[in-house]
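# Commentary on secondary and tertiary structure
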Amino acid sequence: MSRAQRNRLEAGGLVDRSQVLDFSFDGKRYRGHAGDTLASALLANGVRLVGRSFKYHRPRGIFSAGAEEPSALVELRDGGRREPNTRATVAELYDGLEATSQNRWPSLGLDVLSMNRLVAPFLGAGFYYKTFMWPAKAWEKLYEPFIRRAAGLGRAAEGTDPDHYEKATTFCDVLVIGAGPAGLMAALAAGRTGARVILADEDFLPGGRLNAEVHEIGGQQGAAYAAHVAAELASLPNVRVMTRTTVFGVYDGGTYGALEKVNDHLRVPSPFQPRHRFWRIVARRAVLAAGATERPIVFGGNDRPGVMLAGAVGTYVQRFAVRPGRHVALFANNDAAWRGMLAAQAAGANVEAIVDVRGDVASVLTEAAKAKDIRVFTGARVIATHGKKLRTIDVASAERGHERLYIDTLAVSGGWSPAVHLTCHHGGRPVWNEAVAAFVPGATPPGLSVAGAANGSFALGAILKEGAQQGAEAAEALGFPVPPLDVPHTSEESTALQPFWHVADSKGAAFVDLQNDVTAKDVGIAHREGFRSVEHLKRYTTLGMATDQGRTSNVTGLAIMAELTGASIAETGTTIFRPPYTPVSLGALAGHHRGKDFRPVRLTPTHEWAAKLGAVFVETGPWLRAQYFPRKGEKDWLETVTREVKAVRSSVGLIDVSTFGKIDLQGPDVGTFLDRVYINTFSTLAVGKARYGVMLREDGMVMDDGTTARLAPEHYVMTTTTANAAKVYQHLEFCLQVLWPELDVSLASVSEHWAQIAIAGPVARTVLSRVVDKDVDVSDAALPFMGAIEGTVMGGVKARLFRLSFSGELGYEIAVPARQGAKLAQALMEAGHEYGITPYGTEALGVMRIEKGHVSGNELSGQTTAGDLGLGRMASPKKDYIGRVMAGRAGLIDPDRPSLVGFKPADRTKRLRAGAHFLGLGAPADMAHDEGYMTSVAYSPHLGHWIGLGLLKGGAKRVGDRVRAYDPVRGEEFELEVCAPGFIDPQGERLRG
Amino acid sequence: MRIPCPYCGERDAHEFAYLGDATLTRPDPAAEDAEARFHDYVYLRDNPAGAHVEWWYHANGCRQWLKVERDTRTHAIAAARAAREADTPAGDAA
Ligand SMILES: [Zn+2]
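Residues numbered from 1 in each chain as written. Chains lettered and ligands numbered in written order. Predicted model: local features only at pLDDT ≥ 70, side-chain atom pairs only at ≥ 80, totals over all residues. Heavy atoms only, no water.

Once that is clear, we can look at the nonpolar core. Here is a general trend for soluble globular proteins: nonpolar side chains tend to be buried in one another's company. In terms of nonpolar packing, the biggest core is built from 77 residues, with L38 and L410 of chain A touching the most fellow members. Looking at this core element by element, the count peaks at six residues for helix α1 (residues 38-44) of chain A. Ignoring anything within four residues of it in the chain, the contact list for L38 of chain A reads F23, V74, L76, A88, A91, L93, L97 and A99 of chain A. Membership of the second largest hydrophobic core comes to 39 residues, among which are V738 of chain A together with A31, F38 and W55 of chain B. (Core = buried A, V, L, I, M, F, W, Y, C linked by side-chain atoms within 4.5 Å. Buried < 20%, exposed > 50% of the residue type's maximum accessible area, 1.4 Å probe, protein only. Helix = DSSP H or I, 4+ residues; strand = E, 2+ residues; numbered from the N terminus. Contact = heavy atoms within 4.5 Å.)

Listed below in structure tokens is the structure:
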């Protein structure tokens, strides 16, 4: 044992004294042991002041020994790993731990902003609403920055978190939440039936209160018994014990959210291990055995470092072998707290006095105390405390009047509140149980039962029985045969308690909510100002709204409100809880989905090939596509793209178009089916031909477009846009399964199965003829414009050949099995070498489609009809199809609707911008005169100036007009000529060549 | 939430895409008042607190459209049937 640990008891505890861990707090070095928490190690070293309070910057110490901690919040680690507001009471000590206190400046001992206490009258209940109401402008400039600096808690991490987080899903028959006495018994009872059991506990050591108190169970010491049960559970192959795992939420269908702190107990996570793991646990049944949280009694000066929950004092003494102070007193209203204090005394804590609000305390307790020279004050209360860190308390009783005690640690117990939180997650409301003076679970989520202290059963014997029973019942309900389970014997214990909340005649600020600095007086103010509902009280005073969610304050605040109104607690109401039970790291919620890994990246079959050629890639949906292929000496992307376009228009180029959605349709009714989903007709399409189609949503707007080819009488293959591939497939399945189940059609998504490469340009046919096998005829007669044939390429590779063109040039698309894609690209490069075949990217493709006047994603915005896009004439009047009726609405066929036209800048040197709005010449720039907007622009190498497509009111009949392009975002405004959308080869002679 | 797919078994709701009210029938496009009927079909939806019959698509599974009876207050699912078999008696596929 290190000499420096001056408050470590000589013997006992569940820490490993052979392992000494170095750590620091505010730069000072200390030592603790494996099995310590940061809080127990600080106390072992005599550190009692650990933070400043949120609003008033009052000195605060360690108040609890668990997840309910309101005061001892510290920053752990640094840089990208910095973690503010970490509860020292649940932070497992590790070698090299570095913690700093929060909310103080310049130092913890001397805090300048503690003068906030002097202005405390202005910071009381409702101060957010009252004090800073006027003038509103001052909020941003004055009040908020001040409040932020003065009242901020910890600092957020700086930089990127270097650790990994992951998500996992698992399944079980019975999930047991909490590994205290009830949870251990429940898991054992269920586990022995053969059911798949998960036992989860936030602590790193199973046992709960058995590790923090002194009990005898079936002849064993309590902690030893817990270890014994945990060992049996670990030996059962159907049981999984998950320590350091907090079940934080109950979701639908028996789904539970849990956070496993896989590596928080190490300075840096082990190699290849995540820091946290987010679990989705699907359980057929669950037993909630989350225990209870001790609640304080509120009195003046109850926040001084040294005032601590009685159960926490017991925990530090028994589990961690730490004396929280030299001179200990207890202030309580119940028998359990007495037993804990007597046990602490026996273990080496110097308990000097017990103050109980009850006039009548069982003589077995008072006699035992007196026998150990503990002074007993019954019918008494603590009315004041003194010292920056606790030095003295003033006790008042009818019997002895006022007396000052020299005490540095005051254990406080006002009873226990069951941890009902998870029972509220499906809307259940806790109910007040007068017999145990606590809120107990009301309606519970389906499949979840509650056992032990969480259910309001506080005597250990009853807890063990209830746990075993609930565990067995859960398994039995699922059909597992339940063998008899002997619940071990433990001695009877009294849980007598007299509800007592608040020492009304005490001096000084009496804190209800230690974390948000809400006092009993604030509750009184809220009451005087007419707030009666608990929810209003919470919001007005901020009671229970800090990071601890009022674990130690909600019930007390409610009880004080009830006292003020004269109503019972049951009448006053309750607060309910929402997930998460304790804070969940954002990293765990994100898992691996962050940064570049936010979603999977899809690579085209030719990605490697394009990368070798120096392609610049662009994200299009989930895909990375080659955007352009810069060459040495080209000064910008525009020069590159212009070269690529010119190459295609003058010779030949190739581009990977594999990202288009591809859907295989087979069956006798495919033609009928396509006629119903496309506005145009496909049942009449000849075998060996392809057709461009447009499909609408049922509301009449364009959903998607693409070409569909008929490969055989009952076999079609459809292409969709890259962006809508999944949506169109889902839509087609809906139409088939829901609207027309009588149609005999089968669909299969084959997007991933085929690599597809487009070649375009005047010599495209020559190049193609060099890669197809000898028996494949690609002459104009055999494969005319819009032809579609099957054949083989590159010596036996199965292929589909489509004569299609998006660029306006003679063009083909060649589909081969996906893994042949790169080989095909290379073969085409070699075949076209003598013509200077040029790989081009999505930019050049975009330029050529704009030159050609084809619509694309910018125009298929979900707000355009086929008519708007100049495709209205494609619609067949002879049949019904999805969207036909609604597309006929007056508003959608209004000839004044903005519709597709082309634009040229009147001054040909001007660069056009997508998003610019159209205004009539001389019209004011306001919404009333808005005439539409530019959807797509490109620099046309063919014309030598910028061109655009846009949706203009009146559309085609405006050709020849002039309008203004108005772009307030870029501060540009100039004149445009309206023209037909089609800047090159309007007769389509090139693509038929 | 978990949806009992008749093909895949009980699966997490994340695997499904939602479409809404499954009690609507696509109107007869040849009807006299087809436009008014389609308007209601496309735009009008009830928002019941309680039992609701709705379409769910098992996108990351069997790619079947399911007709699911769900209580909108509790997310309890009474039945889930494949669209093509949706007219068979309730509950048999759940
Ligand atoms: Zn399925």
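Next comes the rest of the description.
A few words on the packing of aromatic side chains. Taken as a whole, this structure holds 19 aromatic pairs over all chains when the rule is applied. What links up through ring pairs into an aromatic cluster is the set F734 of chain A together with W55, Y57 and W65 of chain B. Of note, R551 of chain A hangs over the ring of Y581 of chain A, and the distance from its end group to the ring centre comes to 4.4 Å. The ring of Y729 of chain A has R63 of chain B lying over it, and the distance from NZ or CZ to the ring centre is 4.9 Å. (Phe/Tyr/Trp six-rings, centres within 6.5 Å; stacked < 30°, edge-to-face > 60°. Lys NZ or Arg CZ within 6 Å of the ring centre and 35° of its normal.)

Let us look at the sheet that holds strand β5 (residues 65-71) of chain B. Residues and elements named next belong to chain B. In space, the four strands of this open sheet follow the order β3-β4-β5-β6, with antiparallel pairing throughout. The open sheet has two edge strands with one neighbour each: β3 (17-21) and β6 (77-82). Across the sheet, the mean angle separating the axes of adjacent strands is 25° when strand polarity is ignored. (Pairing = 2+ DSSP bridges. Axes fitted to C-alpha atoms, helices over the stretch in contact; angles between N-to-C directions.)

This next bit is on the side chain of E493 of chain A. Residues and elements named next belong to chain A. Residue position: E493 is located in the loop between α9 (460-477) and β29 (511-513). By relative accessible area, E493 is classed as buried at 14%. Only 2.7 Å separates the side chain of E493 from the backbone nitrogen of L460, close enough to count as a polar contact. In this structure E493 touches R209, H215, R339, F458, A459 and L460, once residues within four positions along its chain are discounted. (Polar contact = N/O pair within 3.5 Å; in protein donor to acceptor, adjacent residues only side chain to side chain.)

Let us look at the interface of chain A and chain B. Taken together, the contacts link 28 residues of chain A with 24 residues of chain B. Looking at the side of chain A facing chain B, the largest losses of area belong to D252, Q730 and Q737 of chain A, adding up to 26% of the total buried there. Where chain A packs against chain B, one counts two salt bridges. The partner of E698 of chain A in a salt bridge is R26 of chain B, with the nearest N and O atoms 2.5 Å apart. Where chain A packs against chain B, one counts eight residue pairs in polar contact (both at pLDDT 80 or more). For the side of chain A that touches chain B, the elements supplying multiple residues, two or more each, are β15 (276-288), α18 (725-739) and α22 (884-887) of chain A. Taken together, the residues of the side of chain A that touches chain B break down into 13 nonpolar, seven polar and eight charged. (Buried area = accessible area lost by both parts, 1.4 Å probe. Salt bridge = Lys/Arg side-chain N within 4 Å of Asp/Glu carboxyl O. Nonpolar A, V, L, I, M, F, W, Y, C, P; charged D, E, K, R; others polar.)

This next bit is on the side chain of T552 of chain A. With respect to the helices, strands and loops of the structure, T552 of chain A is situated in the loop between α11 (534-541) and α12 (554-565). Other than its neighbours up to four places away in sequence, T552 of chain A contacts F63, E68, P70, T293, E294, P296, L309 and V512 of chain A.

Residue and element names in this part refer to chain A. Under the definition given, this model contains 63 salt bridges over all chains. With a closest N to O distance of 3.2 Å, D163 and R275 form a salt bridge. Taken together, the residues span a long stretch of sequence, with D163 in the loop between α3 (137-151) and β8 (165-177) and R275 in the loop between β14 (255-260) and β15 at a distance of 112 residues. With its nearest N and O atoms 2.4 Å apart, the salt bridge here joins R803 to D780. Residue R803 is located in the loop between β42 (797-802) and β43 (811-817), and its partner D780 is located in the loop between α19 (764-771) and β41 (788-793); the two are separated by 23 residues in the primary sequence.

This next bit is on the coordination of the zinc ion. Residue and element names in this part refer to chain B. The zinc ion binds to the protein through C5 (SG), C8 (SG), H58 (ND1) and C62 (SG), with metal-donor distances spanning 2.0 to 2.3 Å. Around the zinc ion, the four donor atoms are arranged such that angles at the metal cover 104 to 116°; this shape is classified as tetrahedral. Donor residues for the zinc ion sit on one chain with the sequence pattern C-x2-C-x49-H-x3-C. One end of the pair, C8, is in the loop between β1 (2-5) and β2 (9-12); the other, H58, is in the loop between β4 (51-57) and β5, and 50 residues separate them in sequence. (Donors = N, O, S within 2.8 Å, 3.2 Å for Na, K, Ca; no water. Tetrahedral: all angles 85-135°; square planar, octahedral: opposite > 155°, others 65-115°.)

Okay, unusual backbone geometry next. Here the bond from P579 of chain A into P580 of chain A is cis, since omega is 0°, no more than 30 degrees from zero. The residue F272 of chain A is not glycine, and still its phi comes out positive at about 65°. Tracing the sequence through the fold places F272 of chain A in the loop between β14 and β15. Here the phi dihedral of H75 of chain B falls at roughly 65°; this positive angle occurs in a residue that is not glycine.

Moving on, we come to the sheet that holds strand β40 (residues 754-760) of chain A. All names here are of chain A. Taken together, the six strands give an open sheet; going across it, the order is β41-β42-β43-β40-β34-β44, and neighbouring strands pair in mixed fashion. Edge strands, defined here as strands with exactly one partner in the open sheet, are β41 and β44 (838-839). Direction of pairing for β40 relative to β43: antiparallel, over a ladder of seven bridges. Note on β43: the bridge partner recorded for A755 is V816.

Okay, the pairing of β40 of chain A next. Each regular strand carries side chains that alternate between the two faces of the sheet. Residue and element names in this part refer to chain A. Counted residue by residue, β40 has seven buried out of seven residues, so it is predominantly covered. Both faces of β40 are covered, namely the face carrying W754, Q756, A758 and A760 and the face carrying A755, I757 and I759. Where strand β34 (residues 653-656) and β40 come together, four bridges link them in antiparallel fashion. Bridge pairing in β40 links G653 to A760.

Before going further, it helps to examine the domain arrangement of chain A. Residues and elements named next belong to chain A. In terms of domain boundaries, chain A breaks down into domain 1 (16-111), domain 2 (165-292 + 418-477) and domain 3 (895-993). Centre-to-centre, using C-alpha coordinates, domain 1 lies 27 Å away from domain 2. With 13 residues of domain 1 at the interface, the matching set in domain 2 holds twelve residues. Between domain 1 and domain 2 lies a buried interface of about 920 Å² when both sides are counted; carbon and sulfur atoms form 46% of it. When residues of domain 1 are sorted by the area they lose upon contact with domain 2, R77, R81 and E92 head the list and together hold 53% of the total. Linking domain 1 to domain 2 there are two salt bridges. Linking E83 and R275 is a salt bridge whose minimum nitrogen-to-oxygen distance equals 2.4 Å. The residue inventory of the side of domain 1 that touches domain 2, partitioned by class, reads three nonpolar, three polar and seven charged. (Domains from an automatic or database assignment.)

What follows covers the environment of P605 of chain A. All names here are of chain A. Mapped onto the fold, P605 is located in the loop between β31 (602-603) and α15 (607-612). Residues P605 and A755, 150 residues apart in the sequence, show an inter-C-alpha distance of 6.2 Å. Every residue in contact with P605, bar those within four places of it in the chain, is listed here: D656, S658, A755, A818, G821 and A822.

Residue and element names in this part refer to chain B. Averaged over all residues, the pLDDT of chain B equals 90, while 90% of them reach at least 70. Long-range and interchain partners of residues 88-94, a stretch whose pLDDT sits below 50, account for 14 contacts in this model, where long-range means more than four residues apart. Interface scoring of the predicted complex returns ipTM 0.94; its pTM is 0.90. (pLDDT = per-residue confidence, 0-100.)

Residues spaced three or four apart along an α-helix face the same direction, because each turn holds 3.6 residues. Across the eleven residues of helix α21 (residues 842-852) of chain A, nine count as buried, placing the element largely inside the fold. Phi for G853 of chain A, located one or two positions after α21 of chain A, is positive at around 80°.

Right, let's talk about the packing of helix α6 (residues 310-318) of chain A against helix α7 (residues 335-347) of chain A for a bit. All names here are of chain A. Two elements in contact, α6 and α7, have axes whose closest approach is 9 Å; the angle formed by their N-to-C orientations is 30°. Put simply, α6 runs roughly parallel to α7. The interaxial crossing formed by α6 with α7 has left-handed handedness. Between α6 and α7, the contacting residues are A310, V313, V317 and Q318 on the first element and A337, M341, A343, A344 and A347 on the second. The residue inventory of the contact of α6 with α7, partitioned by class, reads eight nonpolar, one polar and no charged. (Parallel < 35°, antiparallel > 145°, perpendicular 65-115°, else oblique. Left-handed = near helix turned anticlockwise from the far one by under 90°.)

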